[in-house]
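Coordinates in review
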Amino acid sequence: MLRERSGRYAMAAVLAAVCATTGCAPLVDVERTAAELRTSVQAPTVRGGEAVIALDQEPDRLDPTLATTLAGRQVFAGLCEKLYDVDQAGRIVPQLATELPRVSADGRELTIRLRPDVRFNDGTPFDAAAVKRSLDRHRELDGSSRRVELSAVASVEVADPATVRLRLTAPSAPLPSVLADRAGMIMSPAQLDRLGENFSDHPVCVGPFEFAERVAQDRIVLRRSDFYYGRDHVMLDRLVYRAVPDDNIRLANLRSGEFDVVWEAGPPEVPILARDSDVVLLNTPSVQYMGITVNIANAGGSPGPVPGPLASDPRVREALSLSIDRATLNKISFNGLYQPACGPIPPTSEFATPRTQACPAHDVGRARRLLAEAGVRTPLRVELMLANDSAQNRTGQVIQAMAAQAGFDVVLRPTESTSAIAAAKKGRFETFLIGWSGRPDPDGNIAVMHTEGSPQNYSGHSTPETDALIAQAAAEQKPDRRRELYELVVEDLHERNNVIYLYRQQYYTAHSADLAGIAVYPDGIMRMAGAGYRAHGS
């Protein structure tokens, strides 16, 4: 008992030290701030000007087929439209399509009608042949990150110049949602002919802005498109994206006027921004999650044995999960501005149920017993790779303090974000604190992380039984039955603990009060097409 009390005192001291160094004490009513949802501020705007947008990481390749980062999706939002989009309520709506897809009676055929009189930003006509070209590239190009997302598609056919027909291997309820992300982005066939696999050097799509330049480690510049079908409603002349991992620097530069938009404001900065009349703070619930991915069977990028009890013994992974008090983690690391989470399905999903939202209790005693049963010598050293920014370092320190109470010696390994992704793909990590920006359909939050050969299955763990269950849930057309199946899927994921879910972010996006019309929806993507500088007096 004395030892446990001493342990609690030690953790409290460490957590207090984290607070002292990060200023985690809230300055405003946290519950009120978190509850004040605002996806956009609208006001009359004028033509002209540029917006400098600070991202928290460097985007990877600007190729919809190959890209993997959320930062890249932010740039794509102005550059490459999709067949479908997400609205402010998280519903799927047409974008380059004219309506939601028509589904055949057996669920194995989707017919998509295309928006007429559209051109790519190089002047090439947008038509069904261009859609087929891009979808086939997503499905077939070596190294494609979209291949698994489109695995339900057996073939793409041009029914007529304005209609595409997808034939499926099996019914797929999530497919319209998949086509509301990069898998639904359509690239200029003329530019694909010119650049091929180097499309990211100068990407051309349909979008309110066209690519102008990219200077490595410095900026990406887009300029207003003359070909965009909705160009009369695009106010800004240029968008300039800069990657600034440090939250404090992004905030300081927003307040000094060097940046106009900050994605995303960290919880320590939210109370400051909420009181700043020169700044607009947007607050959007998300469909994303953050968690610890455990390398179980990713040996150099291929399936294979990984040494260590954390990889080999599920009791050790469960012990690590039980050692983390998610509610306290949210309070200490995020001022209570996020939400504890224990699974991949957000509470806003129509497929959320009490069972998919249930969290295992924080139980240090059981965690210790599990480590003892596993025959693990404590403290067990665990290396945690995380992004080299203040927010993740703060989170890592709290996890470190909590896990120590159960017998883990968590060693933090801060890593530049792009390098961390590369290391994850190659299996060069033991555990990895990483998030997923989320998708409206549950399958988009599960299949790519947990099925065999999926591009984001960094843990390398899969089983035929789980793969079959995930596929069955995706194919099910009846919502009530899908909910039941996802309860089984989440239960299975909790037993595996190859991803230890921790929390779900709220998206706090800040921009200059001189701007209006920027919108952030639950997919976490900033829509800049309707943004502009406020008209005088508005």
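Residues numbered from 1 in each chain as written. Predicted model: local features only at pLDDT ≥ 70, side-chain atom pairs only at ≥ 80, totals over all residues. Heavy atoms only, no water.

**A word on the pairing of strand β6 (residues 109-113)**
When strand β5 (residues 102-103) meets β6, the two strands line up antiparallel, connected through two bridges. Opposite Arg-102, over in β6, you have Thr-111 as the bridge partner. With antiparallel pairing between neighbouring strands as the criterion, β5 and β6 make up a hairpin whose turn holds five residues, including Gly-107 at a positive phi of roughly 75°. Across five bridges, the pairing between β6 and strand β8 (residues 163-168) is antiparallel. Counted as the bridge partner of Ile-112 is Val-164 from β8. (Pairing = 2+ DSSP bridges. Helix = DSSP H or I, 4+ residues; strand = E, 2+ residues; numbered from the N terminus.)

**Comments concerning the sheet that holds strand β17 (residues 339-340)**
The strand order across the open sheet formed by six strands is β17-β21-β14-β20-β18-β19, and the pairing between neighbours is mixed. The open sheet has two edge strands with one neighbour each: β17 and β19 (408-415). Bridge analysis of β17 against strand β21 (residues 499-504) gives two bridges, and the strand direction is antiparallel. Paired with Gln-339 across the strands is Arg-504, a residue of β21. Sheet contacts for helix α11 (residues 326-334): β17 and β21; angle to β21, the most-contacted strand, approximately 50°. (Contact = heavy atoms within 4.5 Å. Axes fitted to C-alpha atoms, helices over the stretch in contact; angles between N-to-C directions.)

**A word on the state of the cysteines**
If you walk through the whole model with that rule in mind, you get two disulfides. Across a sulfur-sulfur distance of 2.1 Å, Cys-80 and Cys-205 are joined as a disulfide pair. With the S-S dihedral at roughly 55°, the linkage between Cys-80 and Cys-205 falls on the right-handed side. Of this pair, Cys-80 sits in the loop between α3 (70-79) and β3 (84-86) while Cys-205 sits in the loop between α6 (189-195) and β9 (209-215), and the two are 125 residues apart along the sequence. Accessibility assignment for this pair places Cys-80 and Cys-205 in one class, buried. Residue pairing for Cys-342: its cysteine sulfur links by disulfide to Cys-359, the two sulfurs lying 1.9 Å apart. Because the sign of the S-S torsion sets the handedness, a value of about 100° for the bond joining Cys-342 and Cys-359 places this disulfide among the right-handed ones. Highlighted residues: Cys-342 in the loop between β17 and α12 (354-357) and Cys-359 in the loop between α12 and α13 (364-373), separated in sequence by 17 residues. (Disulfide = S-S within 2.5 Å. Buried < 20%, exposed > 50% of the residue type's maximum accessible area, 1.4 Å probe, protein only.)

**A word on the pattern of salt bridges**
The final tally for this structure, using the stated rule, is 37 salt bridges. Among the salt bridges present, the one from Arg-527 reaches Asp-85, with a minimum N-O distance of 2.7 Å. On the criterion of sequence distance, the pair formed by Arg-527 in strand β25 (residues 526-527) and Asp-85 in strand β3 is long-range, its members being 442 residues apart. Taking the relative accessible area as the measure of exposure, Arg-527 reaches 15% and is therefore buried. One salt bridge connects Arg-167 with Glu-157, and the closest N-O pair in it is separated by 2.6 Å. One end of the pair, Arg-167, is in strand β8; the other, Glu-157, is in strand β7 (residues 153-160), with 10 residues separating them in the sequence. Classification of Glu-157 by relative accessible area gives partly exposed; the value is 29%. Among the ionic contacts, a cluster of salt bridges with common partners joins Arg-73, Asp-181, Arg-182 and Arg-439. (Salt bridge = Lys/Arg side-chain N within 4 Å of Asp/Glu carboxyl O.)

**Side note on helix α7 (residues 247-256)**
Among the residues making up α7, those that are buried are Asp-247, Arg-250, Leu-251, Asn-253 and Leu-254. For α7, the angular spread of the buried residues around the axis is 165°, confining them to a single face. Tucked into the core, α7 has its buried residues touching β2 (50-55), β12 (261-262), α8 (270-274), β13 (279-285), α14 (390-406) and β22 (506-512). The N-capping residue of α7, defined by a side-chain oxygen 2.8 Å from the backbone nitrogen of Asn-248, is Asp-246. Following α7 by one or two positions, Gly-257 adopts a phi angle in the positive range, close to 95°. (Arc of directions from axis to C-beta. Polar contact = N/O pair within 3.5 Å; in protein donor to acceptor, adjacent residues only side chain to side chain.)

**What about the environment of Leu-114?**
Here Leu-114 shows up in the loop between β6 and α4 (128-140). The exposure class assigned to Leu-114 is buried, which follows from its relative accessible area of 5%. Residues Leu-114 and Ala-401, 287 residues apart in the sequence, show an inter-C-alpha distance of 54 Å. Dropping the residues within four chain positions of it, Leu-114 is found in contact with Leu-83, Leu-96, Ala-97, Thr-98, Phe-126, Asp-127, Ala-128, Val-131, Pro-161, Ala-162 and Val-164.

**Description of the sheet that holds β7**
Strand order in the open sheet formed by four strands is β5-β6-β8-β7, and the pairing between neighbours is antiparallel. Here the strands that pair on one side only, and so sit at the sheet edges, are β5 and β7. Note that β7 and β8 share six bridges and pair antiparallel. By the bridge assignment for β8, Asp-160 is matched with Thr-163. Across the sheet, α4 is in contact with β7 and β8; its angle to β7 comes to roughly 170°.

**Quick word on the packing of helix α16 (residues 442-450) against helix α18 (residues 479-496)**
At a minimum axis separation of 12 Å, α16 and α18 run at an interaxial angle of 35°. As for how α16 packs across α18, the hand of that crossing is left-handed. Residues Pro-442, Asp-443, Ile-446 and His-450 of α16 form the contact with α18, whose participating residues are Arg-482, Tyr-486, Val-489, Leu-493 and Arg-496. Here the residues of the contact of α16 with α18 are counted per class, giving five nonpolar, one polar and three charged. (Left-handed = near helix turned anticlockwise from the far one by under 90°. Nonpolar A, V, L, I, M, F, W, Y, C, P; charged D, E, K, R; others polar.)

**Brief notes about the confidence of the model for the protein**
Here the protein averages 92 in pLDDT, and 94% of its residues register 70 or above. Under a pLDDT of 50 for its full length, residues 1-10 has, in the predicted model, three contacts with residues more than four places off or in other chains. Taken as a whole, residues 20-25 scores under 50 in pLDDT and shows six contacts with residues more than four places along the chain or in a different chain. (pLDDT = per-residue confidence, 0-100.)

**A few points about the nonpolar core**
Core analysis: the largest hydrophobic core is formed by 66 residues, its most contacted members being Leu-166 and Met-528. By size, the runner-up hydrophobic cluster in this structure holds 53 residues, among which are Val-262, Ala-367, Leu-371 and Ala-406. (Core = buried A, V, L, I, M, F, W, Y, C linked by side-chain atoms within 4.5 Å.)

**Some remarks on the side chain of Asp-85**
Take Asp-85: its relative accessible area is 10%, and that puts it in the buried class. Once residues within four sequence positions are removed from consideration, Asp-85 is found in contact with Arg-91, Ile-92, Val-93, Gln-95, Ala-180 and Arg-527.

**With respect to the pairing of β9**
The sheet contact formed by β9 and strand β10 (residues 219-224) spans six bridges and is antiparallel. Within β10, the residue paired with Phe-211 across the bridge is Leu-222. In textbook terms, the turn of a hairpin is the stretch between consecutive antiparallel strands, and for β9 and β10 this stretch comprises three residues, one of which, Gln-217, has a positive phi near 60°.

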